[in-house]
Number of protein chains: 2
Amino acid sequence: MGGDLAPVQIVEGAALAVRDLDVEVVMVGLPDAVLPLLERHTELRFVPATQVVGMEEHPANAIRAKSDSSMSVCARLVKDGEVDAWVSAGNSGAALAASLFILGRIRGVDRPALGSMVPTANGFTYLLDVGANVDCKAQFLVQFAQMGAAYAQGLLGLENPRIALLSNGEEPGKGDHLVREVYPRLERSGLNFVGNVEAKEMLAGAADVVVADGFLGNVAIKMAEATAEYIFRTLREEIPKSMVGKLGGLLIRPRVRAMRSRLDWREYGGAPLLGVDGVAVVAHGRSDALAIRNAIRVAKQSVDAGLVARIREAVT
Amino acid sequence: MGGDLAPVQIVEGAALAVRDLDVEVVMVGLPDAVLPLLERHTELRFVPATQVVGMEEHPANAIRAKSDSSMSVCARLVKDGEVDAWVSAGNSGAALAASLFILGRIRGVDRPALGSMVPTANGFTYLLDVGANVDCKAQFLVQFAQMGAAYAQGLLGLENPRIALLSNGEEPGKGDHLVREVYPRLERSGLNFVGNVEAKEMLAGAADVVVADGFLGNVAIKMAEATAEYIFRTLREEIPKSMVGKLGGLLIRPRVRAMRSRLDWREYGGAPLLGVDGVAVVAHGRSDALAIRNAIRVAKQSVDAGLVARIREAVT
């Protein structure tokens, strides 16, 4: 039921996943909205819910008030071992709340975190937290680093991922009080800590995992997304303003499309919540079928990689 | 002496300013480095300094240790009334330190701030603080808003500038503890406070002045700059990979150039430090002659608009 393109694109994405990924998928939602779509997709199973959490609702309050929401039903299916993972493109705060209340935290984890894959010059960097937690303590960021390393090892196949802190300068004394407090702790953590990075180094691929307070990480990722959208929109408006530009625009279109798909968050589809005791993948609110398929792929990879067990080990 | 292209481009920019802007310019620096360049520019005056603050030096320590640095000499020229304003493309922290130590703060200002003009869909938004202060208190951000409003009124000609807080969501409860504390204070401030903005709304031009802690503002502005550079570099690499793309790339070049100049920080050149008792303009470290000319224009506008008096009034 979640996301701008639900339920049609969610169902289509689930069907793609079943076709491509050797998974079974259970759709959870309002029968009236979902069942008609499943007539063409008998490969998908269905479990009903009677409530839906809206994008604008207060996450924790909504999950508390709506115990039969599609999100709560999903989390319970994981809790009860009926499924291995759940995926949502809905209200990400509510997905976190449902996971926290129903699956609980992994022992030793203070705060679960949500990461995002940021495209870089030579691949991707995993930035976390991008919004699950504001007003973090130093201990939370150390755990984000440990969980991020476990994610990079399990899902990205990196043996010794490079961990960095997002900051306003590379020198050890840079950063706000939080960054300055976390820095020496990461130096002593046994992780492959490569120090502070600024945005420029992050986008140049200087680290595999970049750690930040969820408020900073959220503003940073949104700034990057908004800037990219702004530039591509301005190019689309400016280039056709001359006839020559219009022709040139047509000629470069395939190359620009190739590039945009490299930058496309849909290629990743979603990111698992790190630190909850079960696999929960949060997909972008604008997810289409491709993004949903890829979010399901991330869920499958998380299960196959034993992500929860890896995190349990990483934080103890 | 400051900036990547000093001293040649600084001298050229000063000459452009004298030609275009009805100003007199005094160059301050090491005689050996600067005087040879002034042979061709007899319109520029010269005052010697015997020391230089490097880009990597600790700002406050460097200014304390080097009382005859070009920055300190500049600030003293303002203090002594020999000149109306000073401009530097050097170490911005040191420019702040020199201004603070020598010019002092305007009475009532807790922390001077540095802003930056961010290009938007319909013009520019003034974002502050972008790096002068980390770990701000709520009171500092309220003053940033007051000073930003004074800047927008004096230099941008906006009668009732819209003030917003940079946050991770638009709703009043969003933000970290600092944003949540500042929000109600700005509501009561008498300013035209329009609430929280996310990056997307900021780049859509939803506010004239956007206020943030200097750590957040610095990471945000660098994220935008790094993303823009990343996209344009990738376009330059990807488009010519096919013959058709190569031709298209040639055809769109003039339009892309027109667009980039719209996004170009060099058009603004620099931003005044707000809250110090004198006009000090910080230019980008990569400033070329055009950027320096425009930074001098900002300095002249700040003097003509009575910026210091406006800020004194705004914070009392």
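Presented here is a report on the structure given in the accompanying data block. What you are looking at is a predicted structure, and each value in this text was computed from that prediction instead of being measured.

### Some thoughts on the pairing of strand S1 (residues 26-29) of chain A
Residues and elements named next belong to chain A.
Thought 1: Of the two faces of S1, the one lined by Val26 and Val28 and the one lined by Met27 and Gly29 are each fully buried.
Thought 2: Taken together, the 4 bridges between S1 and strand S2 (residues 45-48) define a ladder with parallel strand orientation. The residue of S2 that forms the bridge with glycine 29 is proline 48.
Thought 3: Tracing the backbone out of S1, into helix H2 (residues 31-38) and back to the parallel element S2 gives a crossover that is right-handed.

### A few points about the relation of the copies chain A and chain B
Thought 1: Screw-axis analysis of chain A against chain B gives a translation of 0.0 Å along the axis, an RMSD of 0.0 Å, and a rotation angle of 180°. One copy is carried onto the other by what is essentially a two-fold rotation axis. Looking at the rotation axis and the C-alpha trace of chain A, the residue lying nearest is glycine 248 of chain A, at 1.9 Å.
Thought 2: Mapped onto chain B, 100% of the interface residues of chain A again fall at the interface, so both copies present the same surface.

### Things to note about helix H7 (residues 177-187) of chain A
Thought 1: Regarding H7 of chain A, the residues found buried are Leu178, Val179, Val182, Tyr183 and Leu186 of chain A. What you see down the axis of H7 of chain A is that its buried residues fit within an arc of 135°, all on one side.
Thought 2: Of the surrounding secondary structure, the elements contacted by the buried residues of H7 of chain A are helix H6 (138-155), strand S6 (162-166) and strand S7 (192-197) of chain A together with helix H9 (214-238) of chain B.

### So, the sheet that holds strand S8 (residues 209-211) of chain A
To summarise the sheet geometry, strands pair through backbone hydrogen bonds and adopt either a parallel or an antiparallel arrangement.
Residue and element names in this part refer to chain A.
Thought 1: The 8 strands lie next to each other as S3-S10-S9-S4-S5-S8-S6-S7, forming an open sheet whose pairing is mixed. Unpaired on one side and paired on the other, strand S3 (85-88) and S7 mark the two borders of the sheet. Sheet twist, expressed as the mean angle between neighbouring strand axes with direction ignored, is 30°.
Thought 2: Of the strands in this sheet, S6 and S7 are in contact with H7, which crosses S7 at around 160°.

### A short note on the nonpolar core
Thought 1: Counting 222 residues, the largest nonpolar core has Trp86 of chain A together with Trp86 of chain B as the members making the most contacts within it.
Thought 2: Beyond its immediate stretch of four places on either side in the chain, tryptophan 86 of chain A contacts Met71, Cys74, Ala75, Val78, Ala95, Ala98, Ser99, Leu103, Val279, Ala280 and Val281 of chain A.

### Overview of the interface of chain A and chain B
Bring the parts together and some accessible area is lost; that lost area is often taken as the interface size.
Thought 1: Counting from both sides, the interface comprises 53 residues of chain A and, opposite them, 53 residues of chain B.
Thought 2: Of the roughly 4800 Å² buried between chain A and chain B on both sides combined, carbon and sulfur atoms contribute 72%.
Thought 3: The interface formed by chain A and chain B holds 6 salt bridges in total.
Thought 4: The salt bridge involving glutamate 238 of chain A is made with arginine 255 of chain B; its shortest N-O contact spans 3.3 Å.
Thought 5: Joining chain A to chain B, the criterion identifies 12 residue pairs in polar contact (both at pLDDT 80 or more).
Thought 6: With 18 residues, the top contributor of residues to the side of chain A that touches chain B is helix H9 (residues 214-238) of chain A.

Calculation criteria
- Throughout this description, residue numbers start from 1 for each chain and increase along the sequence as written.
- Here the convention is simple: chains get letters from A, ligands get numbers from 1, in the order in which they are written.
- Whole-chain, interface and lining totals are the exception, using all residues; otherwise, since this is a predicted model, local features are given only for residues with pLDDT of at least 70 and side-chain atom pairs are given and counted only at 80 or more.
- Excluding hydrogens and water, the side-chain figures rest on all heavy atoms present in the structure.
- Note on exposure labels: buried denotes an accessible area under 20% of the residue type's maximum, exposed denotes more than 50%, and partly exposed covers the range between, all computed with a 1.4 Å probe on protein chains only.
- Counting from the N terminus, the helices are the DSSP runs of H or I reaching at least four residues and the strands are the DSSP runs of E reaching at least two.
- Strand pairing requires that DSSP identify at least two bridges connecting the strands.
- Orient the strands so they point away from the viewer, and a crossover whose first-strand-to-second-strand path over the helix runs clockwise is right-handed.
- Least squares is the method for superposing the copies, and the C-alpha atoms it fits come from residues with pLDDT of at least 70 in both.
- The criterion used for residue contact is that any of the two residues' heavy atoms lie within 4.5 Å.
- What the arc describes is the spread of directions from the helix axis to the C-beta atoms.
- With axes taken as lines fitted to C-alpha atoms, and helix axes fitted only over the stretch in contact, angles between N-to-C directions fall between 0 and 180 degrees.
- Nine residue types can take part in a nonpolar core, namely buried Ala, Val, Leu, Ile, Met, Phe, Trp, Tyr and Cys, and a core is a set of them joined through side-chain atoms within 4.5 Å.
- We define buried area as the total accessible area lost by two parts upon association, computed with a 1.4 Å probe and summed across both.
- When a carboxyl oxygen of Asp or Glu lies within 4 Å of a side-chain nitrogen of Lys or Arg, that pair is called a salt bridge.
- Counting of polar contacts relies on pairs of N or O atoms within 3.5 Å, with two restrictions inside protein: one atom must be capable of donating a hydrogen and the other of accepting it, and residues adjacent in sequence are counted only when both atoms are side-chain atoms.

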